[in-house]
Amino acid sequence: MTKKCKRTAIGLVTGFANGLFGSGGGTIVVPAMERFLGEEEHKAHATAIAVILPLSLLSLGVYLWKADLGAVWRIALWASAGGLVGGFVGAKLLQRVSGVWLHRIFIHACGGSEVNLMMWGVAAIGFFSGIISGMGIGGGTILIPALLFLTEVNQQQAQGVNLIYFIPTAVVALITHHKNGTLDLKTAKPLALLGLAGAAAGAFLAVSLESEILKKLFGGFLLLMGLSEIFKKKKGEDTHAKG
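An account of the accompanying structure is given in this report. Model, not experiment: these values are computed from the prediction. (Residues numbered from 1 in each chain as written. Predicted model: local features only at pLDDT ≥ 70, side-chain atom pairs only at ≥ 80, totals over all residues. Heavy atoms only, no water.)

**Section: the packing of aromatic side chains**
The full count for this structure, using the stated rule, is 3 aromatic pairs. Among the aromatic side chains, those forming a connected cluster through ring pairs are Phe21, Phe218 and Phe221. The ring of tryptophan 65 carries lysine 66 above its face, with NZ or CZ at 4.4 Å from the centroid. (Phe/Tyr/Trp six-rings, centres within 6.5 Å; stacked < 30°, edge-to-face > 60°. Lys NZ or Arg CZ within 6 Å of the ring centre and 35° of its normal.)

Structure (structure tokens):
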């Protein structure tokens, strides 16, 4: 398969997943860039954010148009507040985390009044999700399940909140990664452009599905990504043992 075909496949699949689940693009594009495009691990994590940001903007446009997000803006703002700080911290940490620990974090991520306390909880989850997002790993795998547990939002609304939160978080992280010289925009641009079609298709499908069906698909996606990383780790250990 040529490099152009690989980029097309990676972009479309990443975009579709990000649109359908309001997250998850990073869990696909990071290992794909490493395996099929030969991207260095730290650069792949940083570059993934540049790929996912335009896909998230397009997906959010569809969610705002077709899904009922009017009731979740307060939740989104609290999550974004935590995510802004977390995104900066995560981008800084990426420079200091070894490849081994980065891989371990990637695996684990794939998997006042009562109202004010809930919002502080959302902000705290946003902060920790922001750290993961800032490292190009995929904070939505943490934020979306947490929102479903802490609040009364449905699956589409939780995914919409994640898209809103990710945008300012990604901007802060990208500025830091650019200063650190870890961004590969030459790789990011074609993947992002190709991913836009997939993101639109995925987002329109997401808002047309029943919430419970989408929730089950999201859970299956997380399980698949987690199993994929576990088997990949086991295969690497077996190869190392034989060597």
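**Topic: the packing of helix α1 (residues 3-21) against helix α9 (residues 185-208)**
Relative orientation and spacing of two packed helices are given, respectively, by the angle between their axes and the distance between those axes. Where α1 meets α9, the closest approach of the two axes is 6 Å, and the angle between their N-to-C directions is 35 degrees. In this structure, the crossing between α1 and α9 has a hand that is right-handed. For the pair formed by α1 and α9, the contact residues are Arg7, Thr8, Ile10, Gly11, Leu12, Gly15, Phe16, Gly19 and Leu20 on the first element and Pro190, Leu191, Leu194, Gly195, Ala197, Gly198, Ala199, Ala201, Gly202, Ala203, Leu205 and Ala206 on the second. Within the contact of α1 with α9, the residues separate by chemical class into 13 nonpolar, 7 polar and 1 charged. (Axes fitted to C-alpha atoms, helices over the stretch in contact; angles between N-to-C directions. Helix = DSSP H or I, 4+ residues; strand = E, 2+ residues; numbered from the N terminus. Left-handed = near helix turned anticlockwise from the far one by under 90°. Contact = heavy atoms within 4.5 Å. Nonpolar A, V, L, I, M, F, W, Y, C, P; charged D, E, K, R; others polar.)

**Let's talk about the side chain of serine 80**
The topology assignment puts serine 80 in helix α4 (residues 73-94). Classification of serine 80 as buried rests on a relative accessible area of 8%. For serine 80, the side chain forms a polar contact with the main-chain oxygen of alanine 76, separated by 2.7 Å. The contact partners of serine 80, leaving out residues within four places of it in the chain, are Ile164, Tyr165 and Pro168. (Buried < 20%, exposed > 50% of the residue type's maximum accessible area, 1.4 Å probe, protein only. Polar contact = N/O pair within 3.5 Å; in protein donor to acceptor, adjacent residues only side chain to side chain.)

**Points about the environment of glycine 139**
Structurally, glycine 139 can be placed in the loop between α6 (114-134) and α7 (140-150). When the C-alpha positions of glycine 139 and asparagine 162 are compared, they lie 8.4 Å apart, and in sequence the two are 23 residues distant.

**With respect to the packing of helix α3 (residues 41-66) against helix α8 (residues 155-180)**
Axis separation between α3 and α8 bottoms out at 9 Å; the angle between their running directions is 145 degrees. The handedness of the crossing between α3 and α8 comes out as left-handed. Residues Ala46, Ile49, Ala50, Ile52, Leu53, Ser56, Leu57, Ser59, Leu60 and Tyr63 of α3 lie in contact with α8, whose contacting residues are Gln156, Gln159, Gly160, Leu163, Ile164, Phe166, Ile167, Ala170, Val171, Ala173, Leu174 and His177. Considered class by class, the residues forming the contact of α3 with α8 number 16 nonpolar, 6 polar and no charged.

**Details of the environment of glycine 25**
For glycine 25, the location among the structural elements is in helix α2 (residues 25-36). Judged by its relative accessible area of 0%, glycine 25 falls in the buried class. Along the chain, glycine 25 and threonine 14 lie 11 residues apart, while their C-alpha atoms are 4.8 Å from each other. Here glycine 25 is in contact with Thr14, Asn18 and Ile52, once residues within four sequence places are set aside.

**So, a nonpolar patch on the surface**
Together, Leu223, Leu227, Ile230 and Phe231 give the surface a local cluster of nonpolar side chains, amounting to about 410 Å² of exposed area. If you trace the backbone, phenylalanine 231 turns up in helix α10 (residues 211-242). (Patch = residues over 30% accessible without salt bridge, like charges linked within 9 Å, V, L, I, M, F, W, Y side chains within 5 Å. Areas by Shrake-Rupley, 256 points an atom, 1.4 Å probe, with all protein chains shown as cover. Salt bridge = Lys/Arg side-chain N within 4 Å of Asp/Glu carboxyl O.)

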